[in-house]
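# Overview (structure and organization)
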Amino acid sequence: MEQIIKSGASRFSHEIKHQTGYPISWSLRQRRGLAGAIMMSTEFIRFLLTGGVAAAVNLGSRYFFNNFIGFEIAVVVAYILGMITAYVLARLFVFQTSGRSMPSEFKRFAIVNVFSLGLVWTISVVLAVYLFPAMGFSWHTKDVAHFIGVTAPAAASYVGHRAYTFKSVQA
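All of the points below concern the structure found in this document. (Residues numbered from 1 in each chain as written. Predicted model: local features only at pLDDT ≥ 70, side-chain atom pairs only at ≥ 80, totals over all residues. Heavy atoms only, no water.)

With that out of the way, let us pick up the overall build of the protein chain. Summing up its helical and strand segments, the protein chain has six helices and zero strands in all. Start at the N end of the protein chain and walk to the C end: the helices and strands fall as α-α-α-α-α-α. Scored against the burial criterion, the 171 residues of the protein chain give a buried share of 33%. Nonlocal contacts in the protein chain, meaning residues at least 24 apart in sequence, comprise 68% of its contacts between residues at least 6 apart. Within the structure as shown, the protein chain displays about 10600 Å² of accessible surface, and the carbon and sulfur contribution to it stands at 69%. (Helix = DSSP H or I, 4+ residues; strand = E, 2+ residues; numbered from the N terminus. Buried < 20%, exposed > 50% of the residue type's maximum accessible area, 1.4 Å probe, protein only. Contact = heavy atoms within 4.5 Å. Areas by Shrake-Rupley, 256 points an atom, 1.4 Å probe, with all protein chains shown as cover.)

Moving on to the nonpolar core. Among the nonpolar cores identified, the biggest contains 24 residues, and Ala90, Phe95, Phe109 and Phe166 are the most heavily contacted of them. At the level of elements, α2 (28-65), α3 (71-93), α4 (102-135) and α5 (141-151) are the ones that each hand at least two residues to this core. Setting aside residues no more than four positions away along its own chain, Phe166 makes contact with Tyr87, Ala90, Arg91, Phe95, Gln96, Ser98, Glu105, Phe109 and His161. (Core = buried A, V, L, I, M, F, W, Y, C linked by side-chain atoms within 4.5 Å.)

Our next topic: the packing of α4 against α5. A pair of packed helices is characterised by two quantities: the angle between their axes and the separation of those axes. Here α4 crosses α5 at 150 degrees, and the two axes come no closer than 8 Å. One element, α4, and the other, α5, form an angle in the roughly antiparallel class. As α4 packs across α5, the resulting crossing turns out to be right-handed. On the side of α4, the interface is formed by Val120, Ile123, Ser124, Leu127, Ala128 and Phe132, while α5 contributes Thr141, Lys142, Val144, Ala145, His146, Ile148, Gly149 and Val150. Taken together, the residues that form the contact of α4 with α5 break down as nine nonpolar, four polar and one charged. (Axes fitted to C-alpha atoms, helices over the stretch in contact; angles between N-to-C directions. Parallel < 35°, antiparallel > 145°, perpendicular 65-115°, else oblique. Left-handed = near helix turned anticlockwise from the far one by under 90°. Nonpolar A, V, L, I, M, F, W, Y, C, P; charged D, E, K, R; others polar.)

Keep in mind these values describe shape, not function.
As structure tokens, this is what we get:
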């Protein structure tokens, strides 16, 4: 991996020197930082993709539950199903193993998601019940509000899960 980074950094350095006329040198620490940035960005993309699947489960199940229960409760129940989906997908496809047991990881995942649920619920309900009606917006208000609510905490959730839920025991 370090050889790939050196090679890429060397080509990048040569290109910068060629375009600007000024040489640029990268320390080993800077090259490792570049590797970390690359890994984090692909990890974040995987997080967004798996989160999109979990969001679809969340939104679809909320739509289904609205046939039987009120919107406010349906948002919470759907969030729980989406959260379980998100945990399984994140554990399989996004983050490296933390070294904790699955129940311990899931507990941490749930803690991070309690904060996200508060944000999702507040945004969804405020938009659907108060803001959209006040604005005269009436096209699928609950669907649009819930979609906005579900997508709002993506970056904060990623940081929470990376730094807390799936943080390596050795780190």
